[in-house]
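# Summary of structural features
Given next are the chains, with one letter for each unit.
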Amino acid sequence: MCSSDLPGVRFDGDNDWIRVSSFPYDQPVSYYFVVKPLSWTHQDTIMDGQNNTQLILQYNDSPKVAMYAGIVTGTWTELAVGDYAILLGIFNTTASVIRFNDVVYTGISAGTIDPEGFTVGARGGSSTPSNIEICEIIVYNSAHDSDTQDQVFAYLNAKYSIY
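Residues numbered from 1 in each chain as written. Predicted model: local features only at pLDDT ≥ 70, side-chain atom pairs only at ≥ 80, totals over all residues. Heavy atoms only, no water.

### Comments concerning the sheet that holds strand β10 (residues 118-120)
Here is the rule: Paired strands, in this sense, are two strands between which DSSP finds at least two bridges. Numbered from the N terminus, helices here are DSSP runs of H or I no shorter than four residues, and strands are runs of E no shorter than two. In this description, a line fitted to the C-alpha atoms serves as the axis of each element, helices being fitted only across the stretch in contact, and the angle between N-to-C directions of two axes falls anywhere from 0 to 180 degrees.
As summarised here, the arrangement of the 5 strands in space is β2-β10-β4-β5-β6, forming an open sheet in which the pairing is antiparallel. In this open sheet, the two strands that pair with only one neighbour each are β2 (18-20) and β6 (65-68). Neighbour-to-neighbour, the strand axes of the sheet open up by a mean angle of 10 degrees, direction not taken into account. Here β2 runs beside β10; their pairing, made up of 3 bridges, is antiparallel. Directly across from Val20, in β10, lies its bridge partner Phe118.

If you want it as structure tokens, here you go:
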């Protein structure tokens, strides 16, 4: 169960994922997740486009997260195993953003690849599945500014009491 006893989707890290092969959005795209990592394995994928097009993935052996749309970004440690977080990934070429609750990193160069699809819980080709729980996903076909991000985060935090 997600926080506040709301239902979620649990991916077992073995063979579970959800994929939409046709996805109408090109960069910029803003992805919001209420997510809880249940375990941590290098390269397990939280989300992807069609097949290695846009990734938010677990990176390294310690809890770190990276973004990819042609370029692997730096890694961030704010997503801890066993804790829910509101995670935002904005894919917007050299102005990409990743945010964990109130911690924001801007000006990231994640690459120029468009998603071409949408996969949650593994890479688009069904490899590197993640052992995670997803409570909610919100996707916008624009790069949200900080005020809009704050509004979406406030909505999600009010609903799930994350932080």
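### Concerning the pattern of salt bridges
For the record, the criterion: Any Lys or Arg side-chain nitrogen found within 4 Å of a carboxyl oxygen on Asp or Glu counts as a salt bridge. Categorising residues by exposure relies on relative accessible area from a 1.4 Å probe, with only protein chains included: less than 20% of the type maximum marks a residue as buried, more than 50% marks it as exposed, and the intermediate range marks it as partly exposed.
Taken as a whole and judged by the stated rule, the model has 4 salt bridges. Of the charged contacts in the structure, one is a salt bridge between Arg99 and Asp150, with a shortest N-O distance of 3.0 Å. Of this pair, Arg99 sits in strand β8 (residues 96-100) while Asp150 sits in helix α1 (residues 146-160), and the two are 51 residues apart along the sequence. Judged by its relative accessible area of 40%, Asp150 falls in the partly exposed class.

### Comments concerning the environment of Phe11
Under the convention used in this document: In this analysis, two residues are considered to be in contact whenever any of their non-hydrogen atoms come within 4.5 Å of each other.
Along the chain, Phe11 falls in strand β1 (residues 9-12). With relative accessibility at 3%, the residue Phe11 sits in the buried group. Through-space distance from the C-alpha of Phe11 to that of Gln50 is 18 Å; in sequence the pair is 39 residues apart. For Phe11, the contacting residues outside a window of four places in its chain are Asp16, Trp17, Ile18, Val120, Gly121, Ser130, Asn131, Ile132 and Ile134.

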